[in-house]
Amino acid sequence: MINEAGQAARANHLPGSAADQVSQERLWRRHMEMAALGAIPGNGVCRQAFTEEDIAARQLLIGWARARGFTSAQDAIGNLFIRRPGRDPAAAPVVTGSHLDSQPSGGRFDGAYGVLAGLEALEALEDAGAVTERPIEVVAWTNEEGGRFAPGAMGSMVFTGSRALTDCLAITDGEGVRLEDALAATLEATPVDETRAFNFPIAAYIEAHIEQGPRLEAEGVPIGVVTGIQGSRWFEVEVLGESAHAGAAPLKTRRDALQGALAAVQALNQVMADDNDIVRFTVGRFVVTPNSPNTVAERVLFTVDLRHPEAEVLWRLAEAVGPTCEAAVGRCDVRVRKTFSREPCLFDLDVQRAISESARELALPAIQMPSGAFHDAQFLNDVCPSGMIFVPCEKGISHNPAENASPEDLAAGARVLAQTLIRLVDGIKA
Ligand code: GLV
Ligand code: MN
Ligand code: MN
């Protein structure tokens, strides 16, 4: 993929020159400014997709980009692109980024880091006076988290054609707000220079992210070269019973949706049990209706998030979800709907090599590692050579207000990102 012309073009850049312009202070300051949007107690962030806070984050990014002379563009699902031009305006850009939305009780770095490291890399290229053949763009993908409007990775799925925009528009949040309306309000509040089509050609995609696990910190290594991402399935399980008076209705005649749902979760726990602790099985949402102490529940909706690195195991476990719930809910009815499905992905070897080489040039130790979390990069991997850089986070804590990372590690990752962008930007055949 990386051709000889690219190697020659790269020789024109002083190795490390853009990376040397990465400013740890600027990068950290921007994280703190971003983290003020949707700040919650305990140093966390609640900045769910298409909320006021998400809109403010997008506006902040557009403002920073404008101040530096970069242009902005958005597509019809609100994926936001910041462009630093190259010599050839028609060339497909190399793209880097992540997401600005967060979990409802999220941290300051999950997603925001990849976007801010991308912007820092663009500024570093600018400060170094680097001229690239291709443009480089930073992207903030829409609704990666999926906590408000499920599923996650929505912007990158729609962009790459994994999911139709029209399928997403009718999705509602917990308050019954339609995604279509929230999206329209977001687009209106974030005017940009240009409108983009989905799936425009991208030469390569690289995403920087905190690890969200403990390995880098434990091993004292600043850089993870991500080899791939485990597969995932999401389900919504709806258990339907009948509401009844808690004092009067005999237990034997009840169709208690809450008891049915608990039995289903217990049965699923048995199916998912794994002595090797590789299966990831989570029931993260449990909504009881009418949720009253003295009324038998008539409906429970719960979610299943299931992940595994091996496609066959994931497939077998996912196939078991429906029948296991049906067998467990007794006198209740159950409906199981798959809301998200992704096979395990392996990242492009040339991109992995470019990251490893960049880390080596910068004398930063790096290890190869898989990702437990999913990321937009796994969808971009369908349409262009893609890869990811991990940096350590404190004790591996993530999806938690206590999520933390050091300014030094964040800057080291941004330096590797800048260096990798230089390696990739002129080294890929159109
Ligand atoms: C992403 O946030 C994930 O759930 O892996
Ligand atoms: Mn993330
Ligand atoms: Mn996340």
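The structure this text deals with has already been given above.
Residues numbered from 1 in each chain as written. Chains lettered and ligands numbered in written order. Predicted model: local features only at pLDDT ≥ 70, side-chain atom pairs only at ≥ 80, totals over all residues. Heavy atoms only, no water.

Q: Just to check I follow, could you spell out helix α3 (residues 24-35) for this structure?
A: For the α-helix, the turn length of 3.6 residues means that residues three or four positions removed from each other point alike. The end-to-end C-alpha distance of α3, which contains twelve residues, comes to 16 Å, matching closely the 16 Å that a straight helix rising 1.5 Å per residue would cover. Turning to α3, its buried residues number three or more, namely Arg26, Leu27, Arg30, His31, Met34 and Ala35. Buried residues of α3 fall within an arc of 170° about the axis and therefore sit on the same side. Check the buried side of α3 and you find it contacts β1 (39-40), β2 (44-45), α4 (52-67), α5 (112-127) and α14 (407-425). (Helix = DSSP H or I, 4+ residues; strand = E, 2+ residues; numbered from the N terminus. Expected span 1.5 Å × (residues − 1). Buried < 20%, exposed > 50% of the residue type's maximum accessible area, 1.4 Å probe, protein only. Arc of directions from axis to C-beta. Contact = heavy atoms within 4.5 Å.)

Q: When you look at the nonpolar core in this model, what are you seeing that I'm missing?
A: Here is a general trend for soluble globular proteins: nonpolar side chains tend to be buried in one another's company. Leu61, Leu100, Tyr113, Ile389, Leu410, Val416 and Leu417 are the most contacted members of the largest nonpolar core, which has 58 residues in total. Contacts of leucine 410, omitting those with residues within four sequence positions, involve Leu27, Trp28, His31, Phe109, Tyr113, Ile210, Val391 and Ala405. Ranked by size, the runner-up nonpolar core spans 28 residues in total, among them Ile202, Leu216, Phe340 and Ala377. (Core = buried A, V, L, I, M, F, W, Y, C linked by side-chain atoms within 4.5 Å.)

Q: Looking at this structure, I do not really get the site of ligand 1. What am I missing?
A: Around ligand 1, the surrounding shell consists of Glu144, Glu145, Arg307, Ala373, Phe374 and His399. Residue phenylalanine 374 places a main-chain N or O atom 2.7 Å away from an oxygen atom belonging to ligand 1. When atom positions are compared with the pocket grids, ligand 1 is found to occupy the largest pocket. Each residue belonging to the shell around ligand 1 can be placed in one class, and the counts come to two nonpolar, one polar and three charged. (Near = heavy atom within 4 Å. Polar contact = N/O pair within 3.5 Å; in protein donor to acceptor, adjacent residues only side chain to side chain. 1 Å grid on protein atoms, 1.4 Å probe; cavity = no way out; pocket = protein on both sides within 12 Å on 5 of 7 lines; lining within 4 Å. Sits in = over half its atoms within 2 Å of the grid points. Nonpolar A, V, L, I, M, F, W, Y, C, P; charged D, E, K, R; others polar.)

Q: I keep staring at the coordination of the manganese ion (ligand 2) and nothing clicks. Help me out?
A: Six octahedral donors around a metal ideally subtend angles of 90 or 180 degrees, whereas four tetrahedral donors ideally subtend 109.5 degrees. Around the manganese ion (ligand 2), the donor atoms from the protein are His99 (NE2), Asp110 (OD) and His209 (NE2), and they sit 2.0 to 2.3 Å away. Linear spacing of the donor residues for the manganese ion (ligand 2) on their chain is H-x10-D-x98-H. (Donors = N, O, S within 2.8 Å, 3.2 Å for Na, K, Ca; no water.)

Q: Looking at this structure, how should I read the coordination of the manganese ion (ligand 3)?
A: Of the protein atoms, only Asp110 (OD), Glu145 (OE), Glu145 (OE) and His399 (NE2) coordinate the manganese ion (ligand 3), at distances of 2.1 to 2.5 Å. Here the donor residues of the manganese ion (ligand 3) are spaced in sequence according to D-x34-E-x253-H. Between the manganese ion (ligand 3) and the manganese ion (ligand 2), both coordinated by aspartate 110, there is a metal-metal distance of 3.6 Å. Here the residue glutamate 145 occupies a position in the loop between β6 (136-141) and α6 (154-160), and histidine 399 occupies one in the loop between β17 (386-391) and α14, the gap between them amounting to 254 residues.

Shape is all these values report; function is a separate question.
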